[in-house]
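# Summary of structural features
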Amino acid sequence: VNLLKEICRENNFEFESVHFRGSQTGKEQIAKVFDVAVVIGIHGANLMNTMFLPPKAYLIEMFPFGFVHGMYINALGATLSYSSMMLEADPGPPPELANYKDVEDCVRKNAVCKVYYRSDHRVIPLTDNDLRRIDVEVRKAVEVVKPHVPKR
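Residues numbered from 1 in each chain as written. Predicted model: local features only at pLDDT ≥ 70, side-chain atom pairs only at ≥ 80, totals over all residues. Heavy atoms only, no water.

### Details of the overall build of the protein
Applicable threshold: For the purposes of this entry, the term helix denotes a DSSP run of H or I that reaches at least four residues, the term strand denotes a run of E that reaches at least two, and both are numbered from the N terminus. The classification of residues rests on relative accessible area computed with a 1.4 Å probe and restricted to protein chains. Under 20% of the type maximum is buried, over 50% is exposed, and intermediate values are partly exposed. Method for areas: the Shrake-Rupley scheme with a 1.4 Å probe, in which residue coverage is limited to the protein chains shown.
When its secondary structure is counted, the protein shows 5 helices and 3 strands. In the protein, the order of α-helices and β-strands from amino to carboxyl end is α-α-β-β-β-α-α-α. Relative to its 152 residues, the protein shows a buried fraction of 34%. For the protein, the accessible surface area stands at approximately 9400 Å², while carbon and sulfur atoms represent 56% of it.

### With respect to the state of the cysteines
Where we set the bar: Our working definition of a disulfide is a cysteine sulfur pair at a distance within 2.5 Å.
On inspection of all chains with the given rule, the structure shows 1 disulfide. Here cysteine 106 is linked by a disulfide to cysteine 113, with a sulfur-sulfur distance of 1.5 Å. Taken individually, cysteine 106 and cysteine 113 each receive the classification buried, so the pair is uniform in this respect.

### Some words on the sheet that holds strand S2 (residues 58-63)
Rules: Paired strands are those between which DSSP finds at least two bridges. Only C-alpha atoms enter the line fits that serve as axes; for helices the fit covers just the stretch in contact. Angles between N-to-C directions range over 0 to 180 degrees.
Read from one edge of the open sheet, 3 strands run S1-S2-S3, paired in parallel fashion. The open sheet is flanked by strand S1 (38-42) and strand S3 (81-86), the only strands paired with a single partner. When strand polarity is set aside, the average angle formed by the axes of neighbouring strands in this sheet is 15 degrees. With 6 bridges connecting them, S2 and S3 associate as parallel partners. Counterpart to leucine 59 in the pairing with S3 is tyrosine 82.

These results come straight from atomic positions and should not be treated as a statement about function.
Structure representation (structure tokens):
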């Protein structure tokens, strides 16, 4: 979070960390993203809110180790810019993995494997390399959206 705050401060952007936990109404969630320039988040249902981003916004989607999905790659058909990255910290294999040829096969064919890699309530650790890559991706996103952001 400090890294993101620093990048925002350097570029005269506002920063807000938002966690959608089901307590906000749909209208409140839309209001949170309606005028956002850059969103960075872990793959999951909460990124659906990016469909309400303004044109020319930028979505950076992070995938937990071992999980990739192409749902947002076309930026929900909108005029969004998009990039993705897989985080490096390996949570270890899911117990079901022994029944499949590899992680990809398990994730593709078994809902428990799929959920294991993406949607439980574990804290997903970030490696130093993850932080460096996030820094690069966010700075790239800021440069892309900067010409389209109204001056404060």
